[in-house]
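Letter by letter, the chains look like this.
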Number of protein chains: 2
Amino acid sequence: MQRILSTELHAHEKQTVTVAGWVHRRRLLKSVAFVIVRDAGGFSQVVVTEPGVRALVETLPEETVVEVTATVTANAAAPSGVELTDPSVRVSSRAPGVPLPFELHRPTLSATMATQLDHAALALRHPSRAAALRVAAAATAGFRDALDRERFVEIHTPKIVGTATESGATVFALDYFGRPAYLAQSPQFYKQLMVGVFERVYEVGPVFRAEPHDTSRHLAQYTSLDAEMGFVADHRDVMATLTRVVAGMTATVADRTGAEVPPVPAQIPSVHFAEALRIAGAPPDEPDLAPAHERAIGDWARREHGSDFVFVTGYPMAKRPFYTHPQPSDPRWSNSFDLLFRGQELVTGGQRLHRYEDYLAVVPDPEPLAGYLEAFRYGMPPHGGFAIGLERFVARLTGAANVREATAFPRDLHRVTP
Amino acid sequence: MQRILSTELHAHEKQTVTVAGWVHRRRLLKSVAFVIVRDAGGFSQVVVTEPGVRALVETLPEETVVEVTATVTANAAAPSGVELTDPSVRVSSRAPGVPLPFELHRPTLSATMATQLDHAALALRHPSRAAALRVAAAATAGFRDALDRERFVEIHTPKIVGTATESGATVFALDYFGRPAYLAQSPQFYKQLMVGVFERVYEVGPVFRAEPHDTSRHLAQYTSLDAEMGFVADHRDVMATLTRVVAGMTATVADRTGAEVPPVPAQIPSVHFAEALRIAGAPPDEPDLAPAHERAIGDWARREHGSDFVFVTGYPMAKRPFYTHPQPSDPRWSNSFDLLFRGQELVTGGQRLHRYEDYLAVVPDPEPLAGYLEAFRYGMPPHGGFAIGLERFVARLTGAANVREATAFPRDLHRVTP
């Protein structure tokens, strides 16, 4: 018999159907047993009264995979308004892993993050953990759809690179056929090169940071949503695209998962770094925004503009990477930006240098960057882009306290398995 | 003035417009100069007669980025039926990289593959190279769309793994915060674990193979299109999904790029390994198919079934990975398959073991696989999946002789830059 999902039961009232999934919970009462079967759609309540079936059900540990053929019966008291009665149960594969290291059927996982990560194959089956990963999938789809609509082309770039020049301190080194090589900490150089080919490009892929930080915000591998676009007037064109992309991401998340998402204004408020310092009450010579400053600017945006989002532009050149384009009217500042969401940095981006001679003026040693700089020798348009850390984006959207909750199998200072 | 693309010119006849792009080619005749400007859409022919503009154009090396404001004028002899007359030309960024290492304006790139790869930032601007990457982007989009329609969920899994157990000989080793770790050669284990969470999952991501093969088919990093699905009867359910996925990929390639694609039969012909050996005239105890055998089977499928595609099923267990599900009727064979396209392997897949005890029976040392095997301790449904190597798929579809032509920045035995 064709299997249906728990979400489809209501359309089959009084019919005999087959559902399949995991034994999420059993409640063995005196005259009746309830088995909650979990599948990709949700839950089915199976009502067992027949002694033979009950005897079987009593032997089934939680997480056993079963196929249940039964009648769909209305019951206003059941979780979804219907339940499965008069079932026959077939065991598809037994779970010999009992007792489970933690209970999956509680509304929230009570196990520590470390225990959850040790048993990721089980913990991710909890609806709350799975939901965060569904938000990640939807956000990624929304990112791509928004850029596809604006004729961006998807690219795939090397994750193994020959030189550790973008920022030498934080890369993983590896043995590449007997030579030293490094894991890419971003697709920055490659996406810029590809502006010379497609004008507008994006990439969804892993990036690697060997930063020895053991915090709730750092991962040694995360998924970077990168975009880069040519023929921009300056960074404001990039910000306009990013605004549409973030709106597309939140819309897709809402549409696919039903999660609550913040409204994204068509015009996100924007404040220059110098003004941001004043708003935050910071000294005017501060070189960067501290977390408390970002919170103050987030509060200001909500208060003055009714927006959860706010752009800060013009960060001091001294604090931005070498490829950052200066602000033409005052080269102490840059044509770069951060997008803050509820007072925390969500996205970083900006306009890049596009003239070969401008790169030669800021790069101390062009030799290791030859393959990158070559693109500028052959003519590159004014361009800029941005990078969104997927896990941080999802954590902020879902309110997760730890970025690891938005990652299936996180890699950090202490963890390289499972 | 708002910039338009070369492809939009015909809709603006007799109007003044601005295009922007790269100086692809100049032809300086006595009384007139032609400048071909390349943009993401294609080419615009700019006709220069005014002496001041001509003097400027004469100083512009190829690949200079320009903005041209001019009148759209019909000319049946021009490449697209229109050309740009009475232009003003603004230099956006000059190309100091002349002379170019090879000419971009020829119909095909005459430079050797090595020279192209050395100057990837330039070579990829050639329409033929860019076209292959557009096919790759479209194929990837088609892969995702086909699986999204069947409620697969996109996942992102670790590329750094703690053990090199899937096949120890071909992994890259790296230093992970002072401990040894390895680059993932496939998301196989992780996508299986995630069947326990979402039932159906896919991933598009890089995989890494340290195989010391210097051939036209091998890359040290390639993009793997992976899918895995639970609650299958056996490998034939996976083959049916794969058939729809390949059809979706080719349809999207045709739709987005105009490339010619082979028809994908609704029911791809399928032949068991034992029968395939007979068709290929190979001895019945051959453990695997040699390239000549695959060609013979491809010829047979075309001749007997009019199909460019053919499944071979039932490969000997001895030649498949440990997680392969045996053929229940005869456990020398497996519930695995290869999909051949025009006589070459395109996709590999199959049903996997799903019972914990079956894994214990085939894994000599469960300890390094503990995080993987745990999923089976908690109950896993019958499942299977497949993996498509994106670059090989694109090379076969476009007829490229070398898989490097389907890769922006290939990594191989000798190359880790640019």
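Residues numbered from 1 in each chain as written. Chains lettered and ligands numbered in written order. Predicted model: local features only at pLDDT ≥ 70, side-chain atom pairs only at ≥ 80, totals over all residues. Heavy atoms only, no water.

The name given to chain A in an unreviewed UniProt entry is Aspartate--tRNA(Asp/Asn) ligase, with Pseudosporangium ferrugineum as the source organism. What UniProt records for chain A under Sequence similarities (unreviewed entry) is the sentence "Belongs to the class-II aminoacyl-tRNA synthetase family. Type 2 subfamily." UniProt annotates chain A under Subcellular location (unreviewed entry) with the comment "Cytoplasm". (UniProt positions renumbered as here; feature names shortened; annotations may be inferred.)

1. Thoughts on the overall build of chain A
In terms of regular secondary structure, chain A is built from eleven helices and 16 strands. By its C-alpha atoms, chain A is 85 × 60 × 40 Å across when sized along the principal axes. Across the 418 residues in chain A, those meeting the buried criterion constitute 59%. Total accessible area on chain A is roughly 16300 Å²; 51% of this is exposed by carbon and sulfur atoms. (Helix = DSSP H or I, 4+ residues; strand = E, 2+ residues; numbered from the N terminus. Buried < 20%, exposed > 50% of the residue type's maximum accessible area, 1.4 Å probe, protein only. Areas by Shrake-Rupley, 256 points an atom, 1.4 Å probe, with all protein chains shown as cover.)

2. Quick word on the pattern of salt bridges
Residues and elements named next belong to chain A. Counting across every chain of the model gives 50 salt bridges over all chains. Salt-bridge contacts for Glu228 lead to Arg352; the nearest nitrogen and oxygen are separated by 2.7 Å. Note that Glu228 is positioned in strand 11 (residues 221–230) and Arg352 in strand 15 (residues 344–352), a separation of 124 residues in sequence. Across the pair Arg320 and Asp338 runs a salt bridge, and its minimum N-O distance is 3.1 Å. With Arg320 in the loop between strand 13 (309–313) and strand 14 (336–341) and Asp338 in strand 14, this residue pair connects regions lying 18 residues apart in the sequence. Across this residue pair, the class does not change: Arg320 and Asp338 are buried. (Salt bridge = Lys/Arg side-chain N within 4 Å of Asp/Glu carboxyl O.)

3. Focus on the UniProt feature "site: Important for tRNA non-discrimination" (unreviewed entry) in chain A
UniProt feature "site: Important for tRNA non-discrimination" (unreviewed entry): in the numbering of this structure it lies at Pro79 of chain A. In this structure, Pro79 of chain A sits in the loop between strand 4 (65–74) and strand 5 (82–93).

4. Let's talk about the domain arrangement of chain A
When its domains are assigned, chain A resolves into domain 1 (6–93) and domain 2 (127–406). A C-alpha centroid distance of 47 Å is found between domain 1 of chain A and domain 2 of chain A. (Domains from an automatic or database assignment.)

5. Thoughts on the environment of Val253 of chain B
All names here are of chain B. Of note, Val253 is situated in helix 6 (residues 235–257). The sequence separation of Val253 and Leu147 amounts to 106 residues, and the corresponding C-alpha distance is 16 Å. Apart from residues lying up to four places away in sequence, Val253 is in contact with Val135, Ala138, Ala139, Gly258, Ala259, Val261 and Leu397. (Contact = heavy atoms within 4.5 Å.)

6. Topic: helix 10 (residues 370–377) of chain B
Because an α-helix completes one turn every 3.6 residues, residues spaced three or four positions apart along the sequence face the same direction. Here helix 10 of chain B has its buried residues at Tyr372, Leu373, Glu374, Ala375 and Phe376 of chain B. Taken together, the buried residues of helix 10 of chain B touch helix 2 (113–118) and helix 3 (120–123) of chain A together with helix 5 (188–198), helix 9 (356–362) and strand 16 (383–389) of chain B. Phi for Gly379 of chain B, located one or two positions after helix 10 of chain B, is positive at around 90°.

7. Topic: the UniProt feature "binding site: L-aspartate" (unreviewed entry) in chain A
Feature annotation in UniProt places "binding site: L-aspartate" (unreviewed entry) on Glu166, Arg209, Thr348 and Arg352 of chain A, given in this structure's numbering. For Arg209 of chain A, the residues in contact, after removing those within four places along its chain, are Thr170, Phe172, Gln185, Ser186, Leu219, Ala220 and Tyr222 of chain A together with Phe177 of chain B. There is a polar contact of 2.9 Å between the side chain of Arg209 of chain A and the backbone oxygen of Gln185 of chain A. With respect to the secondary-structure elements, Thr348 of chain A resides in strand 15. Within the local environment of Thr348 of chain A, its side chain forms a polar contact with the side chain of Asp338 of chain A, the two groups lying 3.0 Å apart. (Polar contact = N/O pair within 3.5 Å; in protein donor to acceptor, adjacent residues only side chain to side chain.)

8. A short note on the sheet that holds strand 14 (residues 336–341) of chain B
The strands making up a sheet associate through hydrogen bonds between their backbones, and the pairing can be parallel or antiparallel. Residues and elements named next belong to chain B. Pairing in this open sheet of eight strands is mixed, and the strands run 6-10-11-16-15-14-13-12 from one edge to the other. This sheet does not close on itself; its edge strands, each paired only once, are strand 6 (153–154) and strand 12 (270–272). Pairing of strand 13 (residues 309–313) with strand 14 involves five bridges; the strand directions are antiparallel. Residue pairing in the sheet places Val310 in a bridge with Leu340 of strand 14. Those strands touched by helix 6 are strand 11 (221–230), strand 12, strand 13, strand 14, strand 15 (344–352) and strand 16, and its axis lies near 30° from that of strand 16. (Pairing = 2+ DSSP bridges. Axes fitted to C-alpha atoms, helices over the stretch in contact; angles between N-to-C directions.)

9. Considerations on the relation of the copies chain B and chain A
Expressed as a screw transformation, the operator carrying chain B onto chain A has a rotation angle of 180° and an axial translation of 0.0 Å, and the superposed copies differ by an RMSD of 0.0 Å. In short, the pair behaves as if placed about a two-fold rotation axis. Residue Leu174 of chain B of chain B places its C-alpha closer to the rotation axis than any other residue of that unit, at 2.1 Å. Both copies contact each other with a shared surface, as 100% of the interface residues of chain B are interface residues in chain A too. (Least-squares fit on C-alpha atoms with pLDDT ≥ 70 in both.)

10. A word on the packing of helix 4 (residues 127–148) of chain B against helix 6 of chain B
Residues and elements named next belong to chain B. Viewed as axis vectors pointing N to C, helix 4 and helix 6 meet at an angle of 135°, and their least axial separation amounts to 7 Å. Judged on the interaxial angle alone, helix 6 and helix 4 are oblique. Our pair here, helix 4 against helix 6, has a crossing hand that is right-handed. Across the interface between the two elements, Arg134, Val135, Ala138, Ala139, Ala141, Gly142, Phe143, Ala146 and Leu147 of helix 4 pack against Thr241, Arg244, Val245, Gly248, Met249, Thr252, Val253, Arg256 and Thr257 of helix 6. Classifying every residue of the contact of helix 4 with helix 6 gives ten nonpolar, five polar and three charged. (Parallel < 35°, antiparallel > 145°, perpendicular 65-115°, else oblique. Left-handed = near helix turned anticlockwise from the far one by under 90°. Nonpolar A, V, L, I, M, F, W, Y, C, P; charged D, E, K, R; others polar.)

11. A closer look at the sheet that holds strand 12 (residues 270–272) of chain A
Residues and elements named next belong to chain A. Taking strand neighbours across the sheet as the criterion, the eight strands line up as 6-10-11-16-15-14-13-12 in an open arrangement whose pairing is mixed. In the strand order of this sheet, the two ends are held by strand 6 (153–154) and strand 12, each with one partner. Against the sheet, helix 8 (residues 291–305) makes contact with strand 12, strand 13, strand 14 and strand 15, and its axis sits at roughly 125° relative to strand 13, the strand it touches most.

12. As for the interface of chain B and chain A
Listed by partner, the interface residues are 96 residues for chain B and 96 residues for chain A. Regarding the contact of chain B and chain A, the summed buried area is about 7500 Å², with carbon and sulfur atoms giving 62% of it. On the chain B side of the contact with chain A, His156, Phe177 and Tyr378 of chain B bury the most area, a combined 10% of that side's loss. For the pair chain B and chain A, the number of links is six salt bridges. Applying the counting rule to chain B against chain A returns 40 residue pairs in polar contact (both at pLDDT 80 or more). Across the side of chain B that touches chain A, the residue classes tally to 54 nonpolar, 17 polar and 25 charged. (Buried area = accessible area lost by both parts, 1.4 Å probe.)

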